[in-house]
Each structure stands twice: as structure tokens, then as C-alpha cells.
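One-letter residues, chain by chain:
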Amino acid sequence: MRRLATRAASASTTTGRIANSSSCPRSALLASPRTTMAPQFKATPASATAVRRLHATAQHLRPAAALASTATSFPNTHDKIAEVHDTPYFIDNKFVQSSATQFIDLHDPATNNLVTRVPQNTDEELKAAVASAQKAFETWRTTSVLHRQQIMFKFVALIRENWDRLAASITLEQGKTFADAKGDVLRGLQVAEAACGAPELLKGEVLEVAKDMETRTYREPLGVVAAICPFSEYSQCLT
């Protein structure tokens, strides 16, 4: 949303002044249920470092077993999952098991095997999520644009490091071929890369509406929002 500010400029006032501000038929994951996917990239020292950091983050967050995978270790077959876990939700920088009594079963379209159960979160859990986001927003709104850009750079790097992991998850949950799923991740990556241009996008605009008057627009964070993402293209929407 844009906030408009109109001011009259005196004859001695220059119009080039800048106002500074800081403020995601059968699937082909595998040819057969017990065939594994060939990796599409070669490990490098940089990727090995990223994997170690991801592992450290996973240990810190203590994710549930359903999410306990890494950039190089993740489900890559259609084999039946021996012990199916409920999907937790993420709040206050940690994964939490829902107290919901109703769940949505998620099946592998290729085999109809149960992959996980997604909770229909309770009203209290939804309100707690909004309150948590609102609390975080008070700090985020005063974070400089350049600092936000650095966070997006890290996000882009994580998507690249986990490309195959994300694509395998899409195939397992949605039934897309592995190649198509990797294309989904690519489009999400492009959205994240475009967001790295935030410093340019948040500058606002200046329109000279009269000889001695100009209208300036500012982009400001408004607050917490909710997004409902379509299951078929959720990687683009989430980013």
C-alpha cells in the first residue's frame, strides 16, 4: 500500500532531494518403487559447509521426525513409510505438534501410501500464530532494507542447496515428475531472487503534479497478512 504525501515547494527548493528511510496418470519420481534418484549436482566445499549449517539449524530447532531430513538425506523412493508422523506447525521459531483432533491425510499419488497427516489447527493455535507474527512485525518494520536483503540472499542460497530435497517432496506429495517438480522449485527461486531487489522497489516515486508541487509515494509495511497457496504451485506462492 502506498501513502501519498503532497507538499508545496518554494522557488529555492530543489526537487531532486531524496528522502531516506529505513524501515512457496502416475508420478515419475522413480521408474520403479525401489529405484533411487541420481543426484543432479556435484558436492563442493561450499555446499558441504551449507549442509553442515543446515544440520546445525535442524538440531537447534529440534524438528519432528516427519521433518527430520537434510539437504542430502531425504525420502527419494515411493516405498511405504513404516512410521507415519503428523506434520507439526511452526511458531516462535520452533516446530510444535498441534492439539487438533481433525487431520487431513496426505497420500503419495503414485502408490496411495500415507505420507503424513496435516492437522486442522484449532482457533487458539491460529490466534497464537497471528499474535506471534504481530510481535515479530514490531521489530521487522524497523529493520533496514539492506538487512532484509541479506536475509533474502541467505534464503536464495538455502533454496539452491535444497533443490533436490524440495523437488522430491513435491513429487512425493503431489505426484509431479521429478523434472517438473524441479521446475517448480526454479520458479519459486526466481521469485525469491526478484525479492532481493527490494532496495530498488521500496524507494517510492516522485511525481511533479504542478510547477511548485510534487507528490511523493512511500512504501511502508502494513502488518500481518495471511496467504492461502494453491497446492499445485505452492513453491512460487510461498516465496
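Residues numbered from 1 in each chain as written. Predicted model: local features only at pLDDT ≥ 70, side-chain atom pairs only at ≥ 80, totals over all residues. Heavy atoms only, no water.

To continue, consider the packing of helix H4 (residues 163–174) against helix H5 (residues 178–195). Axis separation between H4 and H5 bottoms out at 8 Å; the angle between their running directions is 120°. In terms of their interaxial angle, H4 and H5 are classed as oblique. The crossing of H4 and H5 is right-handed. Seen from H4, the contacting residues are Trp-163, Asp-164, Leu-166, Ala-167, Ala-168, Ile-170 and Thr-171; seen from H5, they are Phe-178, Ala-181, Lys-182, Asp-184, Val-185, Leu-186 and Leu-189. Residues of the contact of H4 with H5, tallied by class, amount to ten nonpolar, one polar and three charged. (Axes fitted to C-alpha atoms, helices over the stretch in contact; angles between N-to-C directions. Helix = DSSP H or I, 4+ residues; strand = E, 2+ residues; numbered from the N terminus. Parallel < 35°, antiparallel > 145°, perpendicular 65-115°, else oblique. Left-handed = near helix turned anticlockwise from the far one by under 90°. Contact = heavy atoms within 4.5 Å. Nonpolar A, V, L, I, M, F, W, Y, C, P; charged D, E, K, R; others polar.)

Here we come to the packing of aromatic side chains. Inspection of the entire model under this criterion finds one aromatic pair. Both rings, one in Phe-90 and one in Phe-95, keep their centres 4.9 Å apart while their planes meet at 65°; by these two values the pair is edge-to-face. On the basis of relative accessible area, Phe-90 is assigned to the partly exposed category, the value being 45%. Look at Phe-95 and you get partly exposed, because its relative accessible area is 29%. (Phe/Tyr/Trp six-rings, centres within 6.5 Å; stacked < 30°, edge-to-face > 60°. Buried < 20%, exposed > 50% of the residue type's maximum accessible area, 1.4 Å probe, protein only.)

Scanning the model with the defined rule gives six salt bridges in all. Across the pair Asp-164 and Lys-182 runs a salt bridge, and its minimum N-O distance is 3.2 Å. A residue pair is termed long-range when its members are at least 10 positions apart, and Asp-164 in helix H4 and Lys-182 in helix H5 qualify at 18 residues. For Asp-184, the salt bridge goes to Lys-176, with nearest N and O atoms at 2.5 Å. Both residues of the pair, Asp-184 and Lys-176, count as buried. Taken together, the shared-partner salt bridges in this structure form one network comprising Lys-176, Asp-184 and Arg-187. (Salt bridge = Lys/Arg side-chain N within 4 Å of Asp/Glu carboxyl O.)

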